Amino acid sequence: MFVPGTSVEQAQTVLLQDDVYMSFLQRVCGELAAKPHQCWPRYASVCAGALLLANTGIFKGKQVTTHWAMRGALANLQGVTLAPDYPRYVHDQDVLTGGGIASGIDEALYLVSSLSSVDEACKAQLIMQYAPAPPFHCGNPDQAEQSGYLDMVNGMLSADQASVDTIQSILQGRYGSA
């Protein structure tokens, strides 16, 4: 099961108002948990998709990541451990989580290598001509601080803080705090 990213506001709306979608996630995650363990991840998310997948409770006892602006919504949940720093993706047991949307390419290539082979992942990377060489190095808050963009980071975090607080409250109400 893969849960794609969305904005913090949309994640909050889905958690609060979309009972059909959240029931679907709960049901499918429960069905997957009942099946014999496979060697690849059963559950995957990228960016704010982690906020929705966290609502199922499957992150307990696992290390995860998400977009840097949404880490606060996951940080205090019981049994959830955020990976240190800002990894592109994290695979822990049966859960694969990715950071921001661009990290989804790295996560997808890792998933292809898990489901098939490194050779197949390399072929996919070649077909996409995915040879990352960003012209700038300010893709996470640590780098932004060094680049002088810390005010923008703090502004994004402040603007989303009400939604993050609401999401964290919803998840803590369901799964407890650390």
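Residues numbered from 1 in each chain as written. Predicted model: local features only at pLDDT ≥ 70, side-chain atom pairs only at ≥ 80, totals over all residues. Heavy atoms only, no water.

1. What to know about the overall build of the chain
Now for step 1: Looking only at helices and strands, one finds 8 helices and 6 strands in the chain.
Now for step 2: Overall, the chain shows an N-to-C arrangement of helices and strands of β-α-α-β-α-β-α-β-β-β-α-α-α-α.
Now for step 3: Classification of the 178 residues of the chain by burial places 39% in the buried group.
Now for step 4: Here the analysis covers contacts within the chain between residues at least 6 apart in sequence; of these, 62% occur between residues at least 24 apart.
Now for step 5: Here the chain displays about 9,400 Å² of accessible surface, and carbon together with sulfur accounts for 56% of that area. (Helix = DSSP H or I, 4+ residues; strand = E, 2+ residues; numbered from the N terminus. Buried < 20%, exposed > 50% of the residue type's maximum accessible area, 1.4 Å probe, protein only. Contact = heavy atoms within 4.5 Å. Areas by Shrake-Rupley, 256 points an atom, 1.4 Å probe, with all protein chains shown as cover.)

2. Considering the side chain of Asp-94
Now for step 1: Mapped onto the fold, Asp-94 is located in the loop between strand 5 (89-92) and strand 6 (95-98).
Now for step 2: Residue class for Asp-94 comes out buried when judged on its relative accessible area of 12%.

3. Topic: the sheet that holds strand 6
Two strands in a sheet stick together by hydrogen bonds in their backbones, pointing the same way (parallel) or opposite ways (antiparallel).
Now for step 1: Within the open sheet, the 4 strands sit side by side as 1-2-6-5. Their pairing is mixed. On the outer flanks of this sheet lie strand 1 (2-3) and strand 5, each paired with one strand and no other.
Now for step 2: Strand direction decides the pairing type here: strand 2 (residues 43-46) and strand 6, joined by 4 bridges, are parallel. Across the sheet, residue Val-46 finds its bridge partner in strand 6, namely Gly-98. (Pairing = 2+ DSSP bridges.)

4. Details of the pairing of strand 5
Now for step 1: Across the two faces of strand 5 the burial differs, with Val-90 and Asp-92 buried and Tyr-89 and His-91 not buried at all.
Now for step 2: Where strand 5 and strand 6 come together, 4 bridges link them in antiparallel fashion. Among the inter-strand pairings, Asp-92 is bridged to a residue of strand 6, identified as Val-95.
Now for step 3: Taking the residues between adjacent antiparallel strands as the criterion, strand 5 and strand 6 are bridged by 2 residues, where Gln-93 takes a positive phi near 55°.

5. Re unusual backbone geometry
Now for step 1: A positive phi angle is found at Asp-85, which is not glycine, with a value near 65°.
Now for step 2: Assignment of secondary structure puts Asp-85 in the loop between strand 4 (80-82) and strand 5.
Now for step 3: Its relative accessible area of 55% is what places Asp-85 among the exposed residues.
Now for step 4: We note that Gln-93 has phi near 55°; this positive angle belongs to a residue other than glycine.
Now for step 5: Structurally, Gln-93 can be placed in the loop between strand 5 and strand 6.

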